[in-house]
Amino acid sequence: MFASPFRKRGVVPLATYMRIYKKGNIVDIKGMDTVQTGIPHECYHGKTGRVCNVTQHAVGIVVNKQIKGKILANRTNVRIEYIKHSKSRDCFWKQVKENDQKKKEAPEKGTWVQLKH
């Protein structure tokens, strides 16, 4: 589950430590085998959450976790090596920019534009 792919083992790249995380960012949790300290529990592997606390080496994340029949917002602390910025919102922001562009062009052409999909 946490094993690195072939030829991706070894020292963690410095870019991993240089990323900036702020409160409210959406991040993905993914375990790795190169660093064993502060590794997330396997139930959080592959989950997406929102940053709620930032410390020097770790980040507090709120993740939805299913416990029996309920889905609860669970807080967990994860080291920076095991998280990365989520790309789940990229599609949304792309759509917002396209809609803004269409709104600007519509009055010039004198047409009505459908913005909802």
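Structure first, text after, so check above.
Per chain, residues are indexed from 1 in the order of the written sequence. Given that this is a predicted model, residues contribute local features only at a pLDDT of at least 70 and side-chain atom pairs are listed and counted only at 80 or more, while totals for whole chains, interfaces and linings are drawn from all residues. As a rule here, side-chain values come from all non-hydrogen atoms in the structure, and water together with hydrogens is ignored.

**Student:** Just to check I follow, could you spell out the layout of surface pockets for this structure?
**Tutor:** Think of a ball as big as a water molecule: rolled over the atoms, this probe shows where empty space is left. Using a grid of 1 Å spacing that covers the protein atoms alone, one calls a set of points a cavity when a 1.4 Å probe fits there but cannot get out, and a pocket when the set is open and has protein on both sides within 12 Å along at least five of seven lines; lining residues are those with an atom within 4 Å of a point. Grid points are joined across faces, edges and corners, and a volume is the space filled by probe spheres set on the points. Empty space within the largest pocket amounts to approximately 520 Å³. Lining the largest pocket we find 24 residues, and of these Pro13, Thr16, Lys30, Met32 and Glu81 sit closest to its centre. Among the secondary structure elements, those contributing two or more residues to the lining of the largest pocket are strand S1 (26-29) and strand S5 (83-85). Each helix corresponds to a stretch of at least 4 residues labelled H or I by DSSP, and each strand to a stretch of at least 2 residues labelled E; elements are numbered beginning at the N terminus.

**Student:** How do you make sense of the pairing of strand S3 (residues 58-67) when you look at a structure like this?
**Tutor:** The side chains of a regular strand alternate between both faces of the sheet. Any two strands between which DSSP finds at least two bridges are classified as paired. The pairing of strand S2 (residues 48-54) with S3 spans 4 bridges and is classified as antiparallel. Bridging from a neighbouring strand, Val51 pairs with Ile61 of S3. Following S2, the chain reverses through 3 residues before pairing antiparallel with S3. Across 10 bridges, the pairing between S3 and strand S4 (residues 70-79) is antiparallel. Paired with Ile67 across the strands is Lys70, a residue of S4. Taking the residues between adjacent antiparallel strands as the criterion, S3 and S4 are bridged by 2 residues, where Lys68 takes a positive phi near 55°.

**Student:** What am I meant to see in the packing of aromatic side chains here?
**Tutor:** The relation between two aromatic rings is expressed through the spacing of the ring centres and the mutual angle of the planes. By convention, a stacked pair of Phe, Tyr or Trp rings (six-membered ring in the case of Trp) has centres within 6.5 Å and planes under 30 degrees apart, an edge-to-face pair has planes over 60 apart, and any other such pair is tilted. Scanning the entire structure with this criterion turns up 1 aromatic pair. Between Phe92 and Trp93, the aromatic rings sit 5.2 Å apart at their centres with planes inclined by 65°, giving edge-to-face as the arrangement. Under the scheme applied here, a residue whose accessible area is under 20% of the maximum for its type counts as buried, over 50% as exposed, and between as partly exposed, the area being computed with a 1.4 Å probe on protein chains only. Using a relative accessible area of 37% as the deciding quantity, one classes Phe92 as partly exposed. Relative accessible area serves as the criterion here: at 46%, Trp93 is assigned to the partly exposed category.

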